[in-house]
Amino acid sequence: MLDIANWQTYRQQIGNWVVTIGTIIICATLLPARLPGMELLGLGPNWLLIWVVAWSVKRTTLQGALAGLAVGLIQDGMTAPYPSHAIALACVGILTARIKKQRYIQEDFISVALIVFGMAVVAETVMAIQFGIFCDRKLAEIWTDHQRIALASAILSSLWAPVVYYPLNLWWRRLTSPGLNPGDA
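Residues numbered from 1 in each chain as written. Predicted model: local features only at pLDDT ≥ 70, side-chain atom pairs only at ≥ 80, totals over all residues. Heavy atoms only, no water.

Operational definition: UniProt positions are given in the numbering used here, feature names are shortened, and annotations may be inferred rather than shown by experiment.
Under an unreviewed UniProt entry, the name given to the protein chain is Rod shape-determining protein MreD, and the organism recorded is Microseira wollei NIES-4236. Here the protein chain is described in UniProt, under the heading Sequence similarities (unreviewed entry), as follows: "Belongs to the MreD family." Under the UniProt heading Subcellular location (unreviewed entry), the entry covering the protein chain gives this text: "Cell membrane".

## Focus: the packing of helix α2 (residues 47-56) against helix α6 (residues 139-176)
The condition that has to hold: To get an axis, a line is fitted to the C-alpha atoms, and for a helix only the part in contact is used. The angle between two axes follows their N-to-C directions and goes from 0 to 180 degrees. The way it works is that DSSP assigns letters per residue, a run of H or I at least four long becomes a helix, a run of E at least two long becomes a strand, and they are numbered from the N terminus. To sort the angles, those under 35 degrees are grouped as roughly parallel, those over 145 as roughly antiparallel, those from 65 to 115 as roughly perpendicular, and the leftovers as oblique. For any helix crossing, the convention is left-handed if the near helix is rotated counterclockwise from the far helix by under a right angle, and right-handed if that rotation is clockwise. Two residues form a contact once any of their heavy atoms are found within 4.5 Å. Charged residues are taken to be Asp, Glu, Lys and Arg, nonpolar residues to be Ala, Val, Leu, Ile, Met, Phe, Trp, Tyr, Cys and Pro, and polar residues to be all remaining types, Gly included.
It is at 9 Å that the axes of α2 and α6 come closest, and there the two elements cross at 45°. Considering the angle they form, α2 stands oblique to α6. Between α2 and α6 lies a crossing of right-handed hand. Between α2 and α6, the contacting residues are Trp47, Ile50, Trp51, Ala54 and Trp55 on the first element and Ser157, Trp160, Ala161, Val163, Val164, Tyr165, Leu168 and Trp172 on the second. Each residue belonging to the contact of α2 with α6 can be placed in one class, and the counts come to 12 nonpolar, 1 polar and no charged.

## With respect to the packing of α2 against helix α5 (residues 109-134)
Relative orientation of the contacting elements α2 and α5 amounts to 125°, with a least axis distance of 10 Å. Comparing the axis directions of α2 and α5 gives the class oblique. Where α2 crosses over α5, the handedness of that crossing is right-handed. Contacts from Leu49, Ile50 and Val53 of α2 reach α5 at Ile115, Val116, Met119, Ala120 and Ala123. In terms of residue class, the contact of α2 with α5 is made up of 8 nonpolar, no polar and no charged.

## Points about the UniProt feature "transmembrane region" (unreviewed entry) in the protein chain
Under the present numbering, the feature "transmembrane region" (unreviewed entry) in UniProt falls on residues 14-33, 77-97, 109-129 and 149-168. When the span residues 109-129 is considered, its composition is 100% helix and 0% strand, and the gap between its end C-alpha atoms is 30 Å.

Written as structure tokens, this is what we have:
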């Protein structure tokens, strides 16, 4: 039975789920898009990686890992089953949450962009390792491609990180602040 006294809480929880899932869907939809100004060396920003960093920066290690795993499985569903993006994005979620927990980096746009830059390199390295294990390509070819892909992905993803991070951070901050209602913004 629905408790009318807690209606505002239910509304906020439903709104939070809609925003969270909606932004994942938007990021997944943008992933294959190559709009002008969003491409470098034939690559675009890794929108789902940006989302995982935005989510994990204020969450626990387990929450970061689960978010990375779930979002990675979505990306695996959009691409080939190997190498798995789930492993790479779970690593990103874990490492981002660990950075937050250890308080090494203050949270602002520049630090989030730097985190995204580093995590894009980590994710592409995990992908390159998987390519080395599962593919018949030479290690030298994989390493050469890895350098180009990791750098282009890191640059673009870090430049576009505030587009995802700022609205989500604002939403989650208003959701957790006492007396503020996310619907009032």
